[in-house]
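# What the coordinates show
Here's the letter readout for the chains.
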There are 8 protein chains.
Amino acid sequence: MGINELLENYKEGSLSLQETLFQLKEQGIEDLGFARIDSARQARTGIPEVIYTPGKTKEQVRQIAERMYKSGIDILATRASEEVFMHVREVVPEVTFNKMARTIVFHHHSNREETKDYIAIVAAGTSDLPVAEEAAETARFLGNKVERIYDVGVAGIHRLFSKIEGIREARVIIVVAGMEGALPSVVGGLVNKPVIAVPTSVGYGANLGGITALLAMLNSCAAGISVVNIDNGFGAACQASLINQLK
Amino acid sequence: MGINELLENYKEGSLSLQETLFQLKEQGIEDLGFARIDSARQARTGIPEVIYTPGKTKEQVRQIAERMYKSGIDILATRASEEVFMHVREVVPEVTFNKMARTIVFHHHSNREETKDYIAIVAAGTSDLPVAEEAAETARFLGNKVERIYDVGVAGIHRLFSKIEGIREARVIIVVAGMEGALPSVVGGLVNKPVIAVPTSVGYGANLGGITALLAMLNSCAAGISVVNIDNGFGAACQASLINQLK
Amino acid sequence: MGINELLENYKEGSLSLQETLFQLKEQGIEDLGFARIDSARQARTGIPEVIYTPGKTKEQVRQIAERMYKSGIDILATRASEEVFMHVREVVPEVTFNKMARTIVFHHHSNREETKDYIAIVAAGTSDLPVAEEAAETARFLGNKVERIYDVGVAGIHRLFSKIEGIREARVIIVVAGMEGALPSVVGGLVNKPVIAVPTSVGYGANLGGITALLAMLNSCAAGISVVNIDNGFGAACQASLINQLK
Amino acid sequence: MGINELLENYKEGSLSLQETLFQLKEQGIEDLGFARIDSARQARTGIPEVIYTPGKTKEQVRQIAERMYKSGIDILATRASEEVFMHVREVVPEVTFNKMARTIVFHHHSNREETKDYIAIVAAGTSDLPVAEEAAETARFLGNKVERIYDVGVAGIHRLFSKIEGIREARVIIVVAGMEGALPSVVGGLVNKPVIAVPTSVGYGANLGGITALLAMLNSCAAGISVVNIDNGFGAACQASLINQLK
Amino acid sequence: MGINELLENYKEGSLSLQETLFQLKEQGIEDLGFARIDSARQARTGIPEVIYTPGKTKEQVRQIAERMYKSGIDILATRASEEVFMHVREVVPEVTFNKMARTIVFHHHSNREETKDYIAIVAAGTSDLPVAEEAAETARFLGNKVERIYDVGVAGIHRLFSKIEGIREARVIIVVAGMEGALPSVVGGLVNKPVIAVPTSVGYGANLGGITALLAMLNSCAAGISVVNIDNGFGAACQASLINQLK
Amino acid sequence: MGINELLENYKEGSLSLQETLFQLKEQGIEDLGFARIDSARQARTGIPEVIYTPGKTKEQVRQIAERMYKSGIDILATRASEEVFMHVREVVPEVTFNKMARTIVFHHHSNREETKDYIAIVAAGTSDLPVAEEAAETARFLGNKVERIYDVGVAGIHRLFSKIEGIREARVIIVVAGMEGALPSVVGGLVNKPVIAVPTSVGYGANLGGITALLAMLNSCAAGISVVNIDNGFGAACQASLINQLK
Amino acid sequence: MGINELLENYKEGSLSLQETLFQLKEQGIEDLGFARIDSARQARTGIPEVIYTPGKTKEQVRQIAERMYKSGIDILATRASEEVFMHVREVVPEVTFNKMARTIVFHHHSNREETKDYIAIVAAGTSDLPVAEEAAETARFLGNKVERIYDVGVAGIHRLFSKIEGIREARVIIVVAGMEGALPSVVGGLVNKPVIAVPTSVGYGANLGGITALLAMLNSCAAGISVVNIDNGFGAACQASLINQLK
Amino acid sequence: MGINELLENYKEGSLSLQETLFQLKEQGIEDLGFARIDSARQARTGIPEVIYTPGKTKEQVRQIAERMYKSGIDILATRASEEVFMHVREVVPEVTFNKMARTIVFHHHSNREETKDYIAIVAAGTSDLPVAEEAAETARFLGNKVERIYDVGVAGIHRLFSKIEGIREARVIIVVAGMEGALPSVVGGLVNKPVIAVPTSVGYGANLGGITALLAMLNSCAAGISVVNIDNGFGAACQASLINQLK
């Protein structure tokens with residue numbers, strides 16, 4: 001039953017207010033049994049439904065991907081193994097895989113527009129690149145231009161200075177760092193743009209699986225910094241995209 | 001020595017490259033002995049120098065405030081007690097105090113411009129208001145229009161729905177909540193604007209002084225949310241201001 | 001020695017008070033060497049003995065199951081792998097396995113009665129289903145009617161509203177959620193029935209293996225909520241069953 | 001505008017669906033500026049609005065109490081100091097104070113009905129009594145008959161046994177304990193009624209302010225137990241009341 | 001150089017005081033390169049050198065065992081896998097293995113004396129048996145008579161009462177429990193002998209790998225209880241042996 | 001009703017088995033309303049009832065002390081302030097106070113016997129003395145001879161060596177240390193007697209209120225050591241007394 | 001008995017080896033009852049005995065100071081309040097007090113020599129100065145030349161660069177920082193001298209009382225950095241002094 | 001463009017100051033795509049670039065090693081598996097592997113000079129040797145003479161005394177210990193040289209993966225001790241080398 005029909009039924013009295021309300025809200029929800037694809041989510045939150053693969057079997061991922069493919073919805077799957085990618089490719093042949101980012105991506109239209117302003121993705125060390133790349137792939141999936149500035153950790157701070165102009169000209173900046181998580185503070189003190197800090201689980205011992213970097217970033221002495229979950233390149237890119245696409 | 005003079009000295013060879021560089025960077029730094037006022041900070045980071053009062057004596061706060069006042073710099077002091085306010089008022093007579101927000105504010109020019117777009121400040125409960133008000137006062141100090149939407153905690157979610165339109169129309173949203181910290185997830189699922197979540201230390205026992213709300217917000221199932229330190233209304237407002245004032 | 005005999009012996013003086021007492025209490029305890037089956041437990045606590053499989057070898061599980069089978073006791077084994085199920089099936093042929101719930105179940109009588117009132121089992125996301133299903137299978141094993149309401153996480157809160165009536169009509173509600181664990185607070189604010197919250201270990205990084213969801217639920221701003229251990233669908237169902245079967 | 005009027009306006013078209021919806025939800029919300037009294041809450045959740053006094057000034061508590069008094073709403077304020085009580089008594093003369101429970105209570109009608117079944121409130125040690133009493137006062141405020149069984153900690157377990165019948169005959173049991181938090185496990189193994197465990201902050205050192213008792217209770221080897229926040233006698237009583245008043 | 005020779009050299013002046021001192025202390029130390037066997041340890045501390053196998057290769061364990069065997073030292077290796085046992089058996093043919101306890105034991109003299117008083121080893125659940133057995137095997141290796149009282153967890157407390165006399169008559173009691181770790185408190189309240197509590201890592205979720213049981217035991221409301229590290233059956237047995245063998 | 005009478009009633013049938021049992025267990029329990037004095041505790045556990053003063057008002061302590069005094073029970077109150085002592089002295093004139101130990105002590109008979117063997121109480125630093133003295137006073141209250149060996153922390157280990165003989169000759173050793181908690185390991189490696197380690201909250205920062213010393217002691221590389229709660233000199237003395245008084 | 005006499009006694013046989021040894025070690029230990037002054041400590045460890053005032057009464061501090069004064073020992077007391085200073089001044093008239101550093105200092109000889117090389121003490125923010133000053137005062141007490149470089153936090157990194165030469169030329173560098181603790185990493189990447197990092201408790205919320213800065217410093221991506229306890233300016237200065245005075 | 005050319009261009013005006021600055025800083029940075037080799041790092045920080053292998057594929061390690069080899073840079077790779085070593089050996093034939101230390105080392109010149117003073121590396125137990133060996137290999141790679149003093153844990157403290165002279169004569173001391181981490185305190189109280197403490201993850205249960213040893217070392221009662229991350233033998237050796245090579 002479409003929205004118009006629904007509303008007519010209500011005015012005519014064949015549907016109660018309560019029922020009408022819930023029916024309206026149900027629009028865009030399609031039931032797969034184990035997971036619903038929320039096709040109205042993009043309109044509501046600015047971020048389309050995305051497949052987070054951990055905890056799903058490769059069959060479940062393939063099934064969801066196939067459904068999205070057939071419904072004309074673009075596909076982004078995160079934290080995906082190569083094996084999952086192989087499975088998805090059987091039903092979505094043109095799908096691509098970024099091994100470092102662990103992302104599976106498919107767009108129905110190849111000539112998508114990109115924002116004019118870009119999101120800078122700044123990463124401290126080599127080991128932080130999987131998270132940085134997840135952010136980069138997600139940001140691009142959401143239609144943003146992206147600039148990568150990698151390997152500029154604070155222990156060799158001249159490397160950061162040599163790239164600072166490219167960071168300053170971004171509209172929003174994602175800073176990815178593990179270990180002591182100091183990079184966002186340094187970047188935050190040098191730019192006048194919003195900085196989204198992503199702690200990574202890179203390190204060992206007292207890094208506590210990324211908790212140390214997370215805590216450090218939350219206590220940054222530079223204002224204008226906010227933080228997402230450990231290794232959450234995806235979430236940082238979502239917020240950065242919302243900011244970058246503000247009119 | 002001014003910048004021009006400095007650069008001439010360098011070209012003439014009376015200053016080394018290294019010395020020149022540091023001299024340039026030193027511009028805008030004024031030394032008070034115990035604290036420097038970084039008057040170039042606003043240009044560099046978009047956020048002017050602000051007085052964080054805890055750990056400073058009331059005499060130190062007054063001295064800093066007086067210096068800023070005489071230098072033509074607008075004043076914001078956070079986490080201030082009424083006693084500190086009394087002290088500052090002796091040297092900056094027109095200064096104002098928001099008791100709930102614990103902020104001291106002074107502007108040299110009363111007819112300041114405000115942004116057209118506004119920052120929505122959403123708070124869960126009555127006890128979260130000091131943090132929400134700190135965010136509101138800071139955002140206004142930084143030139144932003146602000147809308148307050150208070151007492152819309154998730155345990156009576158209809159209260160949130162009755163205000164959702166005002167939240168959706170903001171350019172950026174600050175959500176303040178203590179206890180289980182669930183409000184940002186619910187708001188984040190209903191809007192397509194960036195959400196900055198501020199955990200508060202409101203609660204007791206297993207709230208762990210705000211750590212619980214902080215952790216909950218970092219694990220939000222809604223994308224597009226980032227988080228600042230516990231009770232950090234100031235920091236949330238700084239980032240929101242940078243976002244709200246993006247061209 | 002049966003209870004009557006025991007008591008006679010005592011009155012006659014051939015057993016001391018102390019000995020009599022302990023003998024009485026010992027009734028229903030059968031010693032397998034490595035584990036006792038407490039067949040009087042159901043009478044005492046309302047919950048029969050159940051096999052928690054982790055930390056037991058598959059041979060041990062099979063041996064316990066066989067003994068229960070032969071003693072006419074119904075069987076529920078939780079957190080069971082398919083391999084353990086195969087082993088048990090060799091000695092209890094009619095036993096069934098719910099792969100998602102990881103439960104092995106056998107009833108001696110197929111035409112068991114079910115409660116008229118039902119337990120609603122509400123789950124936030126796809127990854128929470130194993131825990132939700134453990135709760136559902138346990139509740140049914142204990143003789144309760146169960147209604148499943150799945151995939152109604154707070155980031156798309158309209159999905160919850162569309163199912164709220166079915167939740168409100170339950171006698172008791174189990175709410176299963178990982179990540180930020182916000183769902184019990186929202187449900188608790190919408191119903192006038194007891195809510196048992198089950199945090200899951202779903203998530204990563206600062207979810208701390210489920211501790212974040214656990215803490216959030218303990219700090220819920222909605223009254224009428226209590227919490228069980230992380231991933232403890234079984235325990236939630238036990239308490240829900242005691243509540244649902246209150247006269 | 002009443003509900004009828006609202007609905008008529010909607011059918012006539014002078015209100016949009018969206019507006020109608022929110023208006024309906026707004027019913028029962030009264031705005032005090034700093035805190036709303038949610039007078040529809042009892043109907044919605046079975047628990048009326050209650051005043052949690054920490055973080056509120058004594059003036060705020062008095063103002064809320066006065067409003068509730070004048071609106072014919074019964075009053076329960078928790079964690080109240082004697083000073084707050086004095087303030088409230090100025091505007092609600094008949095109000096009573098339980099010093100140990102730290103509760104302020106007022107009922108408009110003195111001949112209230114009480115449930116036939118009772119809630120047993122079991123406490124381990126003398127120091128746990130403030131929390132136990134908060135639970136008892138709350139349960140009685142909500143219309144329940146209450147039985148107190150105090151000072152039955154596990155280090156002298158015969159004391160528990162001498163009271164066990166009174167515990168077993170309750171419809172629902174609240175168990176309050178600090179230190180190692182073992183009492184709920186022992187009680188849970190002896191009864192066939194739902195047990196709600198309340199950890200207290202009683203103890204020192206490695207009790208971690210009650211976290212130890214909380215964790216112990218969450219890991220109880222007895223099924224049928226659920227747990228609320230540290231020192232949360234109020235919350236335990238709310239859930240117990242919902243259970244006790246199930247038809 | 002023997003002790004007598006050493007002391008003579010010193011009096012004659014060919015060794016300095018300092019050198020003499022250290023030489024004396026060095027007695028009984030034999031250097032294997034990667035690990036020294038401290039054959040004087042038993043005289044000094046009452047506990048002989050024991051092989052803790054984790055972190056050692058099976059070759060290292062075999063080499064140490066062989067050296068001890070040839071030096072006439074009795075062998076106890078803890079946390080040993082069956083594979084390590086196989087390796088040791090190649091060089092110490094009569095060695096025995098307790099699979100549940102994960103201990104490898106060899107005595108040069110089969111007719112060893114045992115203490116008249118016994119150590120009671122009390123365990124809560126089936127999953128705690130590996131730790132209980134490690135304690136039992138260690139205690140017996142150290143020459144103590146041992147009584148095992150297993151499967152007497154607090155959720156079915158009558159099981160404990162039926163065995164309490166055997167516990168009370170021990171000279172010292174080791175209580176092994178995981179999950180909420182409540183058993184030592186209950187036992188401690190019923191006996192007038194020292195109780196050594198051993199928390200185990202048995203459980204899941206909020207058991208925090210045994211930290212919960214550890215904390216609970218440290219906060220026991222029963223006096224006369226002390227605690228060892230998580231899963232440390234060996235250490236508990238060492239202390240119990242020292243106590244049991246006090247004259 | 002005395003025990004004999006009770007048993008006769010039972011044999012005659014005027015008391016049920018259950019009632020008889022509970023009556024028997026109730027012996028020795030006297031009800032004060034807010035706290036029961038368990039006068040049979042000493043017989044049952046070897047440790048008499050003791051007053052732990054924190055969380056009790058000075059009136060409550062006085063009332064309990066008076067009751068014990070009149071019942072001929074010796075009095076030990078721990079963690080007592082001088083003010084509480086003053087209060088108790090009003091009703092028990094001969095009571096004494098150890099200011100450093102914060103203990104209030106009264107014995108009905110001045111010529112009590114003392115054990116021949118002694119408990120050594122070893123303390124690392126000056127700041128650990130309150131806990132060491134609590135242990136010493138408790139041990140003496142329980143009838144033990146005590147030797148104090150203070151200020152022998154590991155940073156000047158020669159101080160320990162100069163006192164080692166007096167430690168070695170004790171029957172049981174209590175070692176009290178804060179900060180890094182290393183002293184029990186060193187002592188444990190030098191003696192063949194049971195060592196009870198007491199971590200103190202002495203230190204700052206990463207000492208975490210004594211958690212660091214507690215954890216260190218639990219991980220001691222010396223066997224034969226067990227641990228009690230932070231600052232729990234009382235508990236250590238209870239266990240030491242049970243050990244010291246073993247026949 | 002002096003050392004010579006002691007050794008003669010030993011050779012003559014009137015002292016056993018053991019006794020001689022302990023007597024030798026006892027040299028330099030003077031017993032005050034509550035605290036020993038270890039006057040041989042400086043020879044042994046390079047750091048003289050120092051008075052850590054917290055946990056000592058002002059009378060105890062005065063008594064220790066007086067004894068040191070009369071024995072010709074220089075005095076340093078740390079974490080001292082002004083009140084303690086007043087007390088000490090009564091017995092050591094020339095003593096001085098640094099209010100920010102909270103140190104009490106007295107030297108018997110005013111013309112002490114200072115090292116030629118200096119220790120740089122680098123501090124991030126105004127609130128870190130008490131800890132930095134404690135380090136500075138301690139280092140100077142130990143005979144070191146000190147250079148202070150304050151207010152060079154990473155959020156305005158040009159301030160650090162303008163002072164970097166003075167840091168590079170030090171022989172050893174102490175870096176004091178709170179909040180995110182990032183400064184040591186940045187400094188460590190710019191110098192080739194050992195860096196000792198001191199986390200401070202400056203900050204709030206997720207700074208966890210300095211644990212965040214501590215963890216961050218331990219995870220520094222710059223090599224050559226080691227860390228001391230939170231707020232431990234004293235300890236950092238001790239190690240820096242040992243390094244600075246290496247020949 | 002070389003440095004001279006760069007500076008000439010700047011004086012001539014063809015390069016701006018800013019550009020010149022960054023170009024200068026860029027010297028020595030060579031871009032490999034996934035990781036930059038910072039060949040100027042040794043000059044800047046005293047520590048050359050080193051390959052930390054975890055998180056890098058064996059291909060990446062080989063590629064970096066090959067580049068360093070061809071550029072005439074000496075190679076140290078840490079935490080390397082034997083498999084990685086095999087891969088590197090294909091391109092750097094003379095490379096060596098220390099299996100216990102998990103280090104891969106290659107020097108272009110075999111006749112390197114070594115410092116005259118040595119670094120003592122002191123280890124508590126056999127299981128700590130991998131970390132101690134990582135420190136030893138790193139220190140030697142950096143040109144230092146090294147003395148190993150192993151298996152001198154505090155539970156048999158005479159073993160330490162027999163080696164103390166060799167420790168005292170070092171210029172700087174690295175102390176490696178797991179479990180309770182007590183060894184640095186004991187060593188620190190016996191020497192007048194800087195001590196760098198390395199906690200290891202050796203132990204189980206409440207050792208918390210090395211956090212316990214880390215905390216204990218940070219709280220050492222011996223002054224002059226600083227601490228590095230858990231298992232960070234490399235970092236300790238870097239700081240020790242900087243100290244040992246101070247002129």
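Criteria and cut-off values
- Residues numbered from 1 in each chain as written.
- Chains lettered and ligands numbered in written order.
- Predicted model: local features only at pLDDT ≥ 70, side-chain atom pairs only at ≥ 80, totals over all residues.
- Heavy atoms only, no water.
- Least-squares fit on C-alpha atoms with pLDDT ≥ 70 in both.
- Contact = heavy atoms within 4.5 Å.
- Axes fitted to C-alpha atoms, helices over the stretch in contact; angles between N-to-C directions.
- Helix = DSSP H or I, 4+ residues; strand = E, 2+ residues; numbered from the N terminus.
- Left-handed = near helix turned anticlockwise from the far one by under 90°.
- Nonpolar A, V, L, I, M, F, W, Y, C, P; charged D, E, K, R; others polar.
- Domains from an automatic or database assignment.
- Buried area = accessible area lost by both parts, 1.4 Å probe.
- Salt bridge = Lys/Arg side-chain N within 4 Å of Asp/Glu carboxyl O.
- Polar contact = N/O pair within 3.5 Å; in protein donor to acceptor, adjacent residues only side chain to side chain.
- Expected span 1.5 Å × (residues − 1).
- Buried < 20%, exposed > 50% of the residue type's maximum accessible area, 1.4 Å probe, protein only.
- UniProt positions renumbered as here; feature names shortened; annotations may be inferred.

## Quick notes on the relation of the copies chain A and chain B
For the pair chain A and chain B, the superposition axis carries a translation of 0.0 Å, the fit reaches an RMSD of 0.0 Å, and the rotation angle comes to 180°. Put plainly, the chains are arranged around a two-fold axis. For chain A, the minimum C-alpha distance to the rotation axis belongs to A:Val227 and amounts to 2.5 Å. Residue by residue, 100% of the interface of chain A is reproduced at the interface of chain B, so both copies engage with the same surface.

## Describing the packing of helix H6 (residues 129–141) of chain A against helix H11 (residues 233–244) of chain A
Residues and elements named next belong to chain A. The contact between H6 and H11 brings their axes to 7 Å, and the two run at 40°. Classified by chirality, the crossing of H11 by H6 is right-handed. Only Gly-233, Phe-234, Ala-237 and Cys-238 of H11 make contact with H6, whose side of the interface consists of Val-131, Glu-134, Ala-135, Thr-138 and Ala-139. Looking at the contact of H6 with H11 residue by residue, the class counts come to 6 nonpolar, 2 polar and 1 charged.

## Things to note about the domain arrangement of chain A
For an interface, size is often stated in terms of accessible area lost upon the parts coming together. Residues and elements named next belong to chain A. What the domain assignment lists for chain A is domain 1 (29–106) and domain 2 (118–244). Between the C-alpha centres of domain 1 and domain 2 there is a distance of 26 Å. On the domain 2 side, the residues contacting the 17 residues of domain 1 number 13 residues. On the domain 1 side of the contact with domain 2, Ile-47, Arg-79 and Met-100 bury the most area, a combined 36% of that side's loss. Ionic pairing is found between Arg-102 and Glu-134, a salt bridge with its closest N-O pair at 3.8 Å. The interface formed by domain 1 and domain 2 contains 4 residue pairs in polar contact (both at pLDDT 80 or more). At the level of elements, strand S4 (75–78) and strand S6 (103–106) are the ones that each hand at least two residues to the side of domain 1 that touches domain 2. When its residues are assigned to classes, the side of domain 1 that touches domain 2 shows 9 nonpolar, 5 polar and 3 charged.

## Concerning helix H6 (residues 129–141) of chain F
Residues and elements named next belong to chain F. Under the 1.5 Å per step criterion, the end-to-end length of H6 is 18 Å for 13 residues, consistent within 8% with the ideal 18 Å. Taken across its 13 residues, H6 has 11 buried, putting it largely inside the fold. Those residues of H6 lying buried are Leu-129, Val-131, Ala-132, Glu-133, Glu-134, Ala-135, Ala-136, Glu-137, Thr-138, Ala-139 and Phe-141.

## Quick notes on the UniProt feature "domain: PurE" (unreviewed entry) in chain A
In this structure's numbering, the residues bearing the UniProt feature "domain: PurE" (unreviewed entry) are residues 117–246 of chain A. The span residues 117–246 of chain A carries 37% helix and 19% strand; its end-to-end C-alpha distance comes to 11 Å.

## What about the interface of chain E and chain D?
Each partner contributes residues to the interface: chain E has 23 residues there, and chain D has 23 residues. Summed over both partners, the interface of chain E with chain D buries about 1,900 Å², with 71% contributed by carbon and sulfur atoms. Here chain E and chain D share 0 salt bridges between them. One can count 10 residue pairs in polar contact (both at pLDDT 80 or more) joining chain E with chain D.

## Overview of the interface of chain A and chain B
Residue-level contacts link 34 residues of chain A with 34 residues of chain B. Summed over the three residues of chain A that lose the most area to chain B, namely A:Leu218, A:Gln239 and A:Leu246, the buried surface amounts to 20% of that side. Applying the counting criterion to the chain A and chain B interface returns 0 salt bridges. Going through the elements one at a time, helix H3 (41–45), strand S10 (195–199), helix H10 (211–218), strand S11 (225–227) and H11 of chain A are the ones with two or more residues in the side of chain A that touches chain B. Broken down by element, the side of chain A that touches chain B gets its largest block of residues, 6 residues, from H11(A). A class-by-class count of the residues in the side of chain A that touches chain B yields 18 nonpolar, 11 polar and 5 charged.

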